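Chain and residue survey
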Amino acid sequence: MENIKGIKIVSTGSYLPPKILTNEELSRMVDTSDEWILTRTGIKERRIAEKDVTASDLGAAAAKIAIGRSGLKPEDIDIIICATISADKIFPSTACFIQNKLNMPDVTAFDVSAACSGFIYALQVSAGLIKSCMARNILIVGTEVLSKFTDWQDRSTCVLFGDGAGAMIISSSDHNDALLSCHLGADGNYSELLHIPAGGGKMPASPDTVKKHLHYMKMSGKEVFKVAVVKMAEAFEKAVSKTKLSVSDISLLIPHQANMRIIDAVARKLDFPLEKTYVNVHKYGNISAATTIVALDEAISEGRVKKGDVVALVAFGGGFTWGASIIRI
Ligand code: UT7
């Protein structure tokens, strides 16, 4: 492993639960409308996991597809890293459940917690582990069942989120580095603008926290919106500036899919063409850590990205956290 130059992206996969929840159906559950949701967010529908389906189930399904496309055997994988905010349990890690479901005993497995930026954080951690010769092949999974942490009586959040999973396999490369650059950031000052208040050590579960719906996601949407636009644009610019490339060399921008108005505002701020910006928010809503990898997998399947193309993944989420990766497919 002495000649490692970097990583290569070997394969991707994604899995979305089949059940669709439309805006129309939501408007029969809370005081909202298809028109409000579509004009304020761009979302038309989202996927919802069945009652007994967990983040590790979706993650394992996406991982199986990525492994199947990789030409590797499960025993070739050295490490599984999972990014999620809708873990099966507070502990053990969702990566351990995925490891078990994939029947990969003894493989190192752990979670990365960086909310919607989780996949970009996990990719950077994985690349570091490969470049420091700790691993040759890593399975990275971004998976969410946000529907289970959604207050279905709160119209300000329940229209926004969905469920799904994506996976990527990266391997060591003796030639080039497919992770051309990365910029990560965080600001814990904003932790209460997007969070689940109860169920952790700060506010342990009690009948009172359950009664007050404090185990569900809470968001100050307007404030999050403003910082998201600034930080996603900044992360993209900083990541590009660490490469020898110019913005016109980026074949596809894959921004976090929380709101079409945020995607528009980021593209406008960067003066980046919308036709080179990937959008699937209308189909899935916000699937947090799964968003960028599901979008990348779809973009590859649709032929929007070809071998050798340069793609920018950009995300923003609770923490606050943000990040951008410039990758060569
Ligand atoms: O993944 C991490 C990143 N997350 C994000 O980036 C999300 C960022 N925030 C957003 O996307 C937007 O702020 C929202 C979509 C959450 C909200 O859009 P907004 O334009 O900021 O609306 P608002 O919260 O200011 O609400 C405007 C109005 C309010 O009514 P009044 O006070 O003006 O009478 C809300 O009560 O819209 C009302 N409203 C709704 N009406 C119908 C809020 N939610 C709904 C709803 N249906 N679902």
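Structure report, in brief. (Residues numbered from 1 in each chain as written. Predicted model: local features only at pLDDT ≥ 70, side-chain atom pairs only at ≥ 80, totals over all residues. Heavy atoms only, no water.)

A word on the overall build of the chain. For the chain, the count of helices and strands is 11 helices and 13 strands. Taken over C-alpha atoms, the radius of gyration comes to 19 Å for the chain, in line with the 20 Å a tight globule of 329 residues would show. Reported as C-alpha extents along the three principal axes, the dimensions of the chain are approximately 60 × 45 × 35 Å. Across the 329 residues in the chain, those meeting the buried criterion constitute 53%. Look at the contacts in the chain between residues 6 or more apart in sequence, and 77% of them connect residues 24 or more apart. By element, 53% of the accessible surface of the chain is carried by carbon and sulfur atoms, the whole surface being about 14300 Å². (Helix = DSSP H or I, 4+ residues; strand = E, 2+ residues; numbered from the N terminus. Rg over C-alpha atoms; globule rule 2.2 N^0.38 Å. Buried < 20%, exposed > 50% of the residue type's maximum accessible area, 1.4 Å probe, protein only. Contact = heavy atoms within 4.5 Å. Areas by Shrake-Rupley, 256 points an atom, 1.4 Å probe, with all protein chains shown as cover.)

Further remarks concern the pattern of salt bridges. Counted by the stated rule, this structure contains 9 salt bridges. Two residues, lysine 202 and glutamate 192, come together in a salt bridge whose shortest N-O distance is 3.3 Å. Highlighted residues: lysine 202 in the loop between strand 9 (194–195) and helix 7 (207–211) and glutamate 192 in the loop between strand 8 (179–186) and strand 9, separated in sequence by 10 residues. We note that lysine 202, like glutamate 192, is exposed. As a salt-bridge pair, lysine 231 and glutamate 234 come within 3.3 Å of each other at their nearest N and O atoms. With a gap of 3 residues between them, lysine 231 and glutamate 234 both fall in helix 8 (residues 221–241), about one helical turn apart. On the accessibility criterion, glutamate 234 (24% relative accessible area) is partly exposed. Among the charged side chains, a salt-bridge network with shared partners connects Lys231, Glu234 and Lys238. (Salt bridge = Lys/Arg side-chain N within 4 Å of Asp/Glu carboxyl O.)

To continue, consider the pairing of strand 7 (residues 163–173). The buried fraction of strand 7 amounts to 11 of the 11 residues, a majority that puts the element mostly inside the structure. The pairing of strand 1 (residues 6–15) with strand 7 spans 9 bridges and is antiparallel. Of the residues in strand 7, the one forming a bridge with glycine 13 is alanine 167. For strand 6 (residues 137–145) and strand 7, the ladder comprises 9 bridges, and the chain directions are antiparallel. (Pairing = 2+ DSSP bridges.)

This part covers the site of the ligand. The environment of the ligand is formed by 24 residues, the closest being Thr32, Arg40, Lys222, Asn259 and Asn286. Side-chain polar atom of threonine 32 to a nitrogen atom of the ligand: 2.7 Å apart, as the coordinates give it. Taken by itself the ligand offers 950 Å² of open surface, and the protein chains cover 73% of this. Put simply, the parts of the chain that give the shell around the ligand at least two residues each are helix 2 (34–41), helix 6 (155–158), helix 8, helix 9 (260–270) and strand 12 (310–317). With 4 residues, the top contributor of residues to the shell around the ligand is helix 8. Grouping the constituent residues of the shell around the ligand by class yields 11 nonpolar, 8 polar and 5 charged. (Near = heavy atom within 4 Å. Polar contact = N/O pair within 3.5 Å; in protein donor to acceptor, adjacent residues only side chain to side chain. Nonpolar A, V, L, I, M, F, W, Y, C, P; charged D, E, K, R; others polar.)

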